[in-house]
Every structure is written in structure tokens, then in C-alpha cells.
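Below, each chain spelled out in residue letters.
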Amino acid sequence: MHVLRGQTLTFRDDPAIVGEEASNRHESEGAVAVTAAGLIAWSGPASELPSEYKDWPVTDYGQCLIVPGFIDAHLHFPQYRMIAAYGRDLLDWLNRYTFIEEQRYAEAEFAARAAPLFIDELLRNGITSCLAFSTIHPVALDALFSEAERRGMALISGKTMMDVNAPDALTDTPQSAYEESSALISKWHGRSRLHYAISPRFAVTSTEAQLEAVAALARENPDLVIQTHLSENRNEIEFVADRFPWSKDYTDVYDRYGLLREKAMFAHGIHLSGRELARLGESGSAIVHCPTSNNFLGSGHFRYAHTTRGEHPVKAGIGCDIGGGTSFSMLQTMRDAYTVSQHAGQRITAFDAFYLATLGNARLLGLDAQVGTLEPGMIADLAVLDPMTTPIMAERHALSQSLHDMLFALLIMGDDRAIRQTWVAGKESKPQDG
Ligand SMILES: [Zn+2]
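**Digging into the environment of Ser51**
Then, number 1: With respect to the helices and strands, Ser51 occurs in the loop between β3 (40-45) and β4 (58-68).
Then, number 2: Expressed as a C-alpha distance, the spacing of Ser51 and Thr10, which sit 41 residues apart in the sequence, is 23 Å.

**Focus on the pattern of salt bridges**
Opposite charge on two side chains lets them pair, provided their charged atoms get close.
Then, number 1: Overall, the coordinates contain 24 salt bridges when judged by the stated rule.
Then, number 2: For Glu147, the salt bridge identified is with Arg150, shortest N-O distance 2.9 Å. Residue Glu147 and its partner Arg150 are located together in helix α5 (residues 138-151), separated by 3 residues, close to a single helical turn.
Then, number 3: For Glu147, a relative accessible area of 8% translates into the label buried.
Then, number 4: Measuring nitrogen to oxygen at the nearest pair gives 2.6 Å for the salt bridge that ties Asp249 to Arg275. Placement of the pair is Asp249 in the loop between α8 (234-243) and α9 (250-256) and Arg275 in helix α10 (residues 274-283), with a sequence separation of 26 residues.
Then, number 5: Overall, the relative accessible area of 14% leaves Asp249 in the buried class.
Then, number 6: Put simply, Asp120, Glu147, Arg150 and Arg151 are held in one network by salt bridges that share partners.

**Here's the deal with the side chain of Arg193**
Then, number 1: Within the fold, Arg193 resides in the loop between α6 (174-188) and β9 (194-200).
Then, number 2: Here Gly152 takes part through its backbone oxygen, which lies 3.0 Å from a polar atom of the side chain of Arg193.
Then, number 3: Among the polar contacts made by the side chain of Arg193, one reaches the side chain of Asp381 at a distance of 2.8 Å.

**Some remarks on the nonpolar core**
The tendency in soluble globular proteins is for nonpolar side chains to be buried as a group.
Then, number 1: Membership of the largest hydrophobic core comes to 106 residues, with the highest contact counts inside it found for Phe70, Phe354 and Leu385.
Then, number 2: Of the residues that make up this core, three or more belong to each of domain 1 (2-69 + 371-428) and domain 2 (70-328).
Then, number 3: If sequence neighbours within four positions are ignored, Leu385 has contacts with Cys64, Leu65, Val67, Phe70, Leu331, Phe354, Leu410, Ala418 and Ile419.
Then, number 4: Judged by nonpolar contacts, the second largest core, of 17 residues, contains Ile71, Ala73, Leu131 and Ala286.

**A few points about the coordination of the zinc ion**
Around a metal, the idealised angle for a tetrahedral arrangement of four donor atoms is 109.5 degrees; for an octahedral arrangement of six donor atoms it is 90 or 180 degrees.
Then, number 1: Listed as protein donors to the zinc ion are His74 (NE2), His76 (NE2), His229 (NE2) and Asp321 (OD); their distances from the metal cover 2.1 to 2.5 Å.
Then, number 2: Taken together, the 4 donor atoms surrounding the zinc ion define angles of 86 to 170° at the centre, an arrangement classified as irregular.
Then, number 3: For the zinc ion, all donor residues lie on one chain, and their spacing in sequence is H-x1-H-x152-H-x91-D. Highlighted residues: His76 in strand β5 (residues 70-76) and Asp321 in the loop between β13 (315-318) and α13 (330-343), separated in sequence by 245 residues. Take His76 and Asp321: they sit in the same class, and that class is buried.

**A short note on the domain arrangement of the protein**
Interfaces are often described in size by the accessible area the parts lose on coming together.
Then, number 1: The domain architecture assigned to the protein consists of domain 1 (2-69 + 371-428) and domain 2 (70-328).
Then, number 2: One C-alpha centre belongs to domain 1, the other to domain 2; they are set 30 Å apart.
Then, number 3: Across the contact, 17 residues belong to domain 1 and 13 residues belong to domain 2.
Then, number 4: Together, the buried faces of domain 1 and domain 2 total about 1100 Å²; carbon and sulfur atoms form 60% of this surface.
Then, number 5: Applying the counting criterion to the domain 1 and domain 2 interface returns 2 salt bridges.
Then, number 6: One salt bridge connects Asp416 with Arg124, and the closest N-O pair in it is separated by 2.7 Å.
Then, number 7: If you look at where domain 1 meets domain 2, you find 4 residue pairs in polar contact (both at pLDDT 80 or more).
Then, number 8: Listed by contribution, the elements that provide at least two residues to the side of domain 1 that touches domain 2 are β4, β14 (382-385) and β15 (419-424).
Then, number 9: Sorting elements by how many residues they give to the side of domain 1 that touches domain 2 places β15 first, with 4 residues.
Then, number 10: Partitioning the side of domain 1 that touches domain 2 into residue classes produces 12 nonpolar, 3 polar and 2 charged.

Basis of the calculations
Residues numbered from 1 in each chain as written. Predicted model: local features only at pLDDT ≥ 70, side-chain atom pairs only at ≥ 80, totals over all residues. Heavy atoms only, no water. Helix = DSSP H or I, 4+ residues; strand = E, 2+ residues; numbered from the N terminus. Salt bridge = Lys/Arg side-chain N within 4 Å of Asp/Glu carboxyl O. Buried < 20%, exposed > 50% of the residue type's maximum accessible area, 1.4 Å probe, protein only. Polar contact = N/O pair within 3.5 Å; in protein donor to acceptor, adjacent residues only side chain to side chain. Core = buried A, V, L, I, M, F, W, Y, C linked by side-chain atoms within 4.5 Å. Domains from an automatic or database assignment. Contact = heavy atoms within 4.5 Å. Donors = N, O, S within 2.8 Å, 3.2 Å for Na, K, Ca; no water. Tetrahedral: all angles 85-135°; square planar, octahedral: opposite > 155°, others 65-115°. Buried area = accessible area lost by both parts, 1.4 Å probe. Nonpolar A, V, L, I, M, F, W, Y, C, P; charged D, E, K, R; others polar.

As C-alpha cells, this is what we get:
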């Protein structure tokens, strides 16, 4: 048990709905009391720290900002080594790099070496939970879940399902996808802090027979997260229209197989029609905005305000989408969300961005009863951010006039160097150990 001191910031609700003032609670001299069991016992102004916590050991982070650990709502475990691979567009990049690299995860030993490195990188960036794709190989998912369990992390992942338009070594079948997924759900879902996600890669790489199998998994497991990709790139959309001529549009393919629902997470969703937004919205599905990836692959500019607050509002989260994304840093991801919104004539504030990366993503993934805020009773997954990481950031910080000003400069200028410390379930995380 101990007390962390520093600036504290936690969200109560979406700033776009309740307004910036009411959305968050910030203490310029705050404290968070963490129990021996790794739970938040109390948070608030340091001057009001209740007497029962006054004898607990203190870690004083000074001007640093203590926030709930970041939650990444979309990335790929087997792509972390092939970040920054030059590609013309999504489908070219998948065929030339991604599908080659993912084949290596058929080997349990390779996956077991990769998992700690991947998780170290998450923690170095203040990310304490994520929704990640794995590969089609059960051994790769076993390696990832085992490592996350060893670190005490809340991680959501699933075996990727693909049975067409990918190399033979990376395809399963409708039956094996169903059977292997079912076995992995029994083995991992609900164990420690781990959750299983039903994970068809996207409509391009599944036959109708496999989508039937995915539909059966979704029906049999109504509470599970579903993750896939949707409407990222124009060529991809045409390809899907050719493959499923009966569909009204791309979203309709997933809709036909019962995949639109609460905790269904659709990465990208850049080029959606009003009809598609309406169906996604009324079904409770969410779109995960992946701005560094969209910029890197030239996929298009996601319209945040149009999507979340337009005629047909849809819930949205945020993700780094490694390896199409260019950085594990949630700050860099927020920065690109801001620049994309500028190009798209939309508006994303620093409050919106920090909300999305904490409580916003926690809510979409059904994790908000355990993480995403600094409220008492929450598991103490925390990130400590230094707004004065570099000399120029320190100079800029000295000019900050408001909380928003400070957060905005931090997300524009900050990266992994700005993460002073990451805490998982009340313990300081250290590379390659629990
Ligand atoms: Zn992706």
C-alpha cells in the first residue's frame, strides 16, 4: 500500500456530452491511495488525504500527471516488429509484409519470445489494457495471454479467423476457426484479468461459410467483445462489394451475420454512409479511430464529430493499430487524431482525446467497472506523465495557461519519453518482469 502524489486527472463522462468542465476532475496537487491488493482506496486533493492513509509510504511525482492507465482499443500483437514497413495502401501492405510476418507465429517459441517484448512496449507507453488481434494460430494467443497474465494485465484478444484471400499458411477453415475459438474461449475467457474477443480479421478474408461460423460463436457468446475491420480503404470497400453482391454495403455484410451489437469494435470506419452509421449506432456497435495508421496508409480522414455527434451518432474509441499505425504512444495517437480532425474540418479537443484513451475505451470494452478512472474501488492501473520531459516541453509547459493547454501541449509534443512510470494493479511495471 502507498500514496502517489502529483497532479491527478480522471474523467467522469464524455466531454462532448456533458461539457469540458463537468467531464473531468483535476487536482493540481493531488493524491491517489493504493491498497496492498492493488485497488484505489481514495483519490482527491492531497490536502484532504484522509488520516488513515497518512502513514502510508509516499511516491511524490511532483508536477507529473497521474491518469488512469491508457487503454488501446485496436492493435495487432504479431505486427509490432513490422512497424514502419513501406506500403502503397492497405491491401498491398497486407500482402507484402503483414501476411509474411504473421506466419512466424505458428511457432510457439517465436510467439513466446515476442509476447514479453510486445507487452513491455505497451507498458513503456502507459498502456495498461488493450484489445489486440493475434494471428490464426492458437499457440500465438496462448503466448500473449500467458504473458499478460504473468504481468497481471487486463488484456482482450482472440484467435484471428481467415479462410480466403490470404496465404495457405495463414488460413483456417470455418470448422477449425469455430472449434479453436471455442476451445480458447473455454481456456482463457474470464481467467485472471483476461477476456476473449471473437476476431474475424475482416470481410475480405472470410468466406460466407466462415462468417456463418463467426455468427454461431457470436450467438453462443453474447457477452464477448467482437473485433474486426470496417471501411478503411476504397479498394477494400470495392473488393467487399464484389465478394458479397447481395450486401447493401460493407456494414451489411457483418450485420447479416449478427455481428453488430454492444462491444462490437469496428476498426477505422472512415468511409461509411448514413445508412451504415445508422445501423452501427442503433446496434450499440463502436468504431475505433486509428489515426496514425490512417495517415500512414493514406486511408482517409475519419470524421470524429460527424460520426459521434452527427445525424446518426455512433460510439467511437481510439487505437494505435500497430503495425499499420506508426507509434505505440497513445499521445502520438491523440496528436494524429487532432491533425486528422483538422484536415476533416472536425474538432477533437485534448479533453476528448484523453477521455477516449481512458474512460471512453474502458466503457466500449466493458472494462469500466474495473479501470478507466481514479475512483475508489478501481484497480490501480495508472500512467504517470511528465509534461516537462524534454527541455522544449519544459519551456512550453511554463507557458501553459490552463489544464487544456497543458494536456494539448503534452499530446502534441509527448511520446514514450513522457511516460515516467506505469502501474499495473498497484505495482510499478518493470520490463520483462511482473
Ligand atoms: Zn488493424
